[in-house]
Amino acid sequence: MRSIRRSVLTAVALCTTAVAAAACASNPPSPSDGGQFVIGYSQSNNAEPYRAQLNLQLQYFAKQHPDFKLLPITDAHQDSATQVSQVQTFIQQKVNALIVSPNEPAPLTAAVQQACDAKIPVIILDRNVNTDCFDSFIGGDNYLIGKLAGEAAVQALPNGGNVVELRGILSDHPQIDRDKGFRDAIAGHNLTIIEDQEAKWLKANATTVTQQWLSKGDKIDLVYAHNDDMALGAQLAIQGAGKAGSIQIIGIDGLAIPTGGIRAVQNGQLLTTFVYPTGAEQAVATLEKLLHQQPVEKKQVLDTVQVTPANAAQIYQQYDMSDKLGK
């Protein structure tokens, strides 16, 4: 952590009054900001339902803090070069804090390091980068989720079977961990992954890939998709091929929205999914601490829960934010 936040005791010693504390912030808000902390958020791709929901939730929680000014969320459209440029623009604007959901780890590493060097507090949300200069990482345990998905596959196919795997962007840490956890869990259980392909987290890509697999005529017993959007894309292809009900589908995300994974489990479109919290509420709570010179956890791991037909209604109610978001 950078020198101004290396020691909470030092910060307290230097900032003995409310006025002095404000002056000790990494980038104290200027009078032109109306006394507000200016926050930039770099999103990797708004087209993914998970990320669209994350954006809405982050905007909601940020509005609960009158001293926060969240700038328009940038959308990299799954292009790392675009995202690097957007992060650099936030740095040039001298934002008081920065949140980044990297499209890919390696390309965003240097840009995040630049923000750190500029003494801007940085929160990494969901996907990591190849530097630890940031102040806090917030995300789920993707290896565990992949392992739980693998255990669900073993339970669904006790006599073994053929599995196909729809993967996210191959360089992303969540994809890597969700793949490894799943493979570790199914090892020794007579389950064979006969096909796996990158579908970049997107529904349309998953539909096309699944159609190609089905056209080969190989027996497929289960689809494991690294997110619900791809799972539902596979479901469209399976339904179109007249195989609905004969191929089971496992997803990840468990969004509490009408088109999300929880409803899909209730509707019988998916066998199961796993809640992957957006981390929006935790990100805003962490910003509140960082911007007021309070210590934060370097790594915040969010819990998951498996969604089944038996608990889907309760979990939907638990995570539903439609009344707060107006959606």
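Here's what I pulled together on the structure shown here. (Residues numbered from 1 in each chain as written. Predicted model: local features only at pLDDT ≥ 70, side-chain atom pairs only at ≥ 80, totals over all residues. Heavy atoms only, no water.)

1. So, the overall build of the chain
Rules: Runs of H or I in DSSP of at least four residues are treated as helices and runs of E of at least two as strands, each being numbered from the N terminus. Between buried and exposed lies partly exposed: a residue is buried under 20% and exposed over 50% of the maximum accessible area for its type, with that area taken using a 1.4 Å probe on protein chains only. Calculation of accessible area relied on Shrake-Rupley with a 1.4 Å probe; when residues are assessed, cover is drawn exclusively from the protein chains displayed.
A tally of regular secondary structure across the chain gives 13 helices and 13 strands. Counting the 327 residues in the chain, one finds 53% classified as buried. Roughly 14100 Å² of accessible area belongs to the chain as shown, and the carbon and sulfur atoms make up 51% of that amount.

2. Quick word on the pairing of strand β12 (residues 299–302)
Put simply, the rule is: Any two strands with at least two DSSP bridges between them are considered paired.
Burial along β12 is one-sided: the face carrying Gln 300 and Leu 302 is buried and the face carrying Lys 299 and Val 301 is not. Looking at chain direction, strand β6 (residues 136–140) and β12 are connected through 4 bridges and run parallel. Within β12, the residue paired with Gly 139 across the bridge is Val 301.

3. Let's talk about the layout of surface pockets
To keep it simple, the criterion reads: Buried and open spaces are told apart on a 1 Å grid over the protein atoms alone, a cavity being a set of points where a 1.4 Å probe fits but cannot get out and a pocket being an open set with protein on both sides within 12 Å along at least five of seven lines. Residues with an atom within 4 Å of a point are the lining residues. Grid points are joined across faces, edges and corners, and a volume is the space filled by probe spheres set on the points. Ten residues, namely Ala, Val, Leu, Ile, Met, Phe, Trp, Tyr, Cys and Pro, are considered nonpolar, four, namely Asp, Glu, Lys and Arg, are considered charged, and the remaining ones, Gly among them, are considered polar.
As a volume, the largest pocket reaches approximately 360 Å³. Gln 57, Pro 277, Thr 278, Tyr 319 and Met 321 are, among the 21 residues lining the largest pocket, the residues nearest its centre. Of all the elements in the fold, those that place two or more residues in the lining of the largest pocket are α3 (49–63), α11 (280–290) and α12 (312–319). Taken together, the residues of the lining of the largest pocket sort by class into 10 nonpolar, 7 polar and 4 charged. Its volume calculated, the second largest pocket comes out at about 270 Å³. Residue assignment for the lining of the second largest pocket shows that the elements contributing at least two residues are β6, α7 (173–186) and β12. Partitioned by chemical class, the residues of the lining of the second largest pocket number 4 nonpolar, 5 polar and 6 charged.

4. As for the pattern of salt bridges
Rules: The working definition used for a salt bridge is a side-chain nitrogen of Lys or Arg within 4 Å of a carboxyl oxygen of Asp or Glu.
For the structure on display, the rule yields 15 salt bridges. With a shortest N-O distance of 3.3 Å, Arg 51 and Glu 48 are connected by a salt bridge. Taking the relative accessible area as the measure of exposure, Glu 48 reaches 3% and is therefore buried. Salt bridges sharing partners connect three or more residues here, namely Glu 48, Arg 51, Asp 126, Arg 127 and Asp 172.

5. Description of the sheet that holds strand β8 (residues 191–198)
Just so we agree on the cut-off: Here an axis means a line fitted to C-alpha atoms, over the contact stretch when the element is a helix, while the angle between two N-to-C directions is reported on a 0 to 180 degree scale.
One open sheet holds the 4 strands; their spatial order is β8-β7-β9-β10, and the pairing between them is parallel. The open sheet has two free edges, formed respectively by β8 and β10 (248–250), since each of these has just one partner strand. Direction aside, neighbouring strands of the sheet carry axes that sit 20 degrees apart on average. The sheet contact formed by strand β7 (residues 161–167) and β8 spans 7 bridges and is parallel.

6. Examining empty space enclosed by the protein
A complete count under the given rule lists 1 cavity of 30 Å³ or more for this structure. The volume enclosed by the largest cavity comes to roughly 90 Å³. Counting residues per element, the ones that place at least two in the lining of the largest cavity are α3 and α7. Grouping the amino acids of the lining of the largest cavity by side-chain chemistry returns 4 nonpolar, 1 polar and 6 charged.

7. Thoughts on the state of the cysteines
Formally: When two cysteine sulfur atoms are found within 2.5 Å, that pair is recorded as a disulfide.
Here the structure, examined in full by the defined rule, presents 1 disulfide. Residue Cys 116 pairs covalently with Cys 133 via a disulfide, S to S 2.1 Å. Between Cys 116 and Cys 133, the S-S torsion sits near 70 degrees, and that sign places the bridge as right-handed. Taken as a pair, Cys 116 in helix α5 (residues 105–117) and Cys 133 in the loop between β5 (122–125) and β6 lie far apart in primary sequence, 17 residues in all. Note on Cys 133: relative accessible area 14%, which makes it buried.

8. Some points on the packing of aromatic side chains
Condition: Any two of the Phe, Tyr and Trp rings considered here, Trp counted by its six-membered ring, make a pair once their centres fall within 6.5 Å; the pair's planes then place it as stacked at under 30 degrees, edge-to-face at over 60, or tilted in between. Two conditions define a charge sitting above a ring: the NZ of Lys or the CZ of Arg must be within 6 Å of the ring centre, and it must be within 35 degrees of the ring normal.
Following the criterion strictly, the structure yields 3 aromatic pairs and no others. Taking 5.6 Å as the distance between ring centres and 45 degrees as the angle between the ring planes, the aromatic pair formed by Tyr 50 and Tyr 276 counts as tilted. Within this pair, whereas Tyr 50 is found in helix α3, its partner Tyr 276 is found in the loop between β11 (273–274) and α11, the two being separated by 226 residues in sequence. Taking relative accessible area as the criterion, Tyr 50 reaches 5% and is therefore assigned buried. With centroids separated by 5.1 Å and ring planes inclined at 75 degrees, the aromatic side chains of Tyr 60 and Phe 61 adopt a geometry described as edge-to-face. You can call Phe 61 buried: its relative accessible area is 12%. We note Arg 263 situated over the ring of Tyr 316; from NZ or CZ to the ring centre the distance is 3.7 Å. Over the ring of Phe 134 we find Lys 298; its NZ or CZ atom is 4.6 Å from the centre of that ring.

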